[in-house]
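Here is what each chain is made of, one letter per residue.
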Amino acid sequence: MSKLSAKQRAKLPPKAFGLPEKARTQKARKEAGNYPMPDRGHAISAIRRSERERRRGNLTKNEFDRINRKAGNILKKKKTKKKTK
């Protein structure tokens with residue numbers, strides 16, 4: 001997985017985050033806890049981090065489910081694109 005710099009993360013659209021309502025401004029996108037998912041590697045990372053944060057009590061069940069659903073959709077898209085080539 002490639003790392004996102006603060007500038008790269010700030011340039012991502014809110015819909016590229018697991019919790020887009022927490023990533024509405026560029027300043028908010030630079031902060032932790034937004035779960036950026038611009039690619040497959042970041043989607044996998046978002047799943048792992050959300051599981052850890054859910055166990056720690058930092059995520060609600062609803063937030064956890066939304067992050068995992070979005071990451072799952074990203075992983076499915078990437079899989080089907082690779083098969084069609």
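The rules we used
Residues numbered from 1 in each chain as written. Predicted model: local features only at pLDDT ≥ 70, side-chain atom pairs only at ≥ 80, totals over all residues. Heavy atoms only, no water. Helix = DSSP H or I, 4+ residues; strand = E, 2+ residues; numbered from the N terminus. Buried < 20%, exposed > 50% of the residue type's maximum accessible area, 1.4 Å probe, protein only. Contact = heavy atoms within 4.5 Å. Salt bridge = Lys/Arg side-chain N within 4 Å of Asp/Glu carboxyl O. Core = buried A, V, L, I, M, F, W, Y, C linked by side-chain atoms within 4.5 Å.

Caption draft 1: Representation of the overall build of the protein. Across its full length, the protein holds four helices and zero strands. Going from the N terminus to the C terminus, the protein shows its helices and strands as α-α-α-α. By residue count, 33% of the 85 residues in the protein fall in the buried class. Sequence-distant contacts in the protein: of pairs separated by 6 or more residues, those separated by 24 or more amount to 44%.

Caption draft 2: Region of the structure containing the pattern of salt bridges. Under the counting rule described, the total for this entry stands at five salt bridges. One salt bridge connects Arg66 with Glu21, and the closest N-O pair in it is separated by 2.6 Å. Linking Arg66 in helix α4 (residues 61-84) with Glu21 in the loop between α1 (6-11) and α2 (26-30), this pair joins segments that are 45 residues apart in sequence. For Glu21, a relative accessible area of 35% gives the class partly exposed. Among the ionic pairs, Glu53 bridges to Arg56, the shortest N-O distance being 3.2 Å. On the criterion of helical spacing, the pair formed by Glu53 and Arg56 is a turn pair, its members being three residues apart in helix α3 (residues 40-56).

Caption draft 3: Local environment of the environment of Asp65. Tracing the backbone through its elements, the reader meets Asp65 in helix α4. Along the chain, Asp65 and Glu51 lie 14 residues apart, while their C-alpha atoms are 9.9 Å from each other.

Caption draft 4: The nonpolar core, seen in detail. Membership of the largest hydrophobic core is limited to 10 residues, which are Leu19, Tyr35, Met37, Ala43, Ala46, Leu59, Ile67, Ala71, Ile74 and Leu75. Only α3 and α4 provide two or more residues apiece to this core. If one sorts the elements of this core by residue count, α4 sits on top with four residues.

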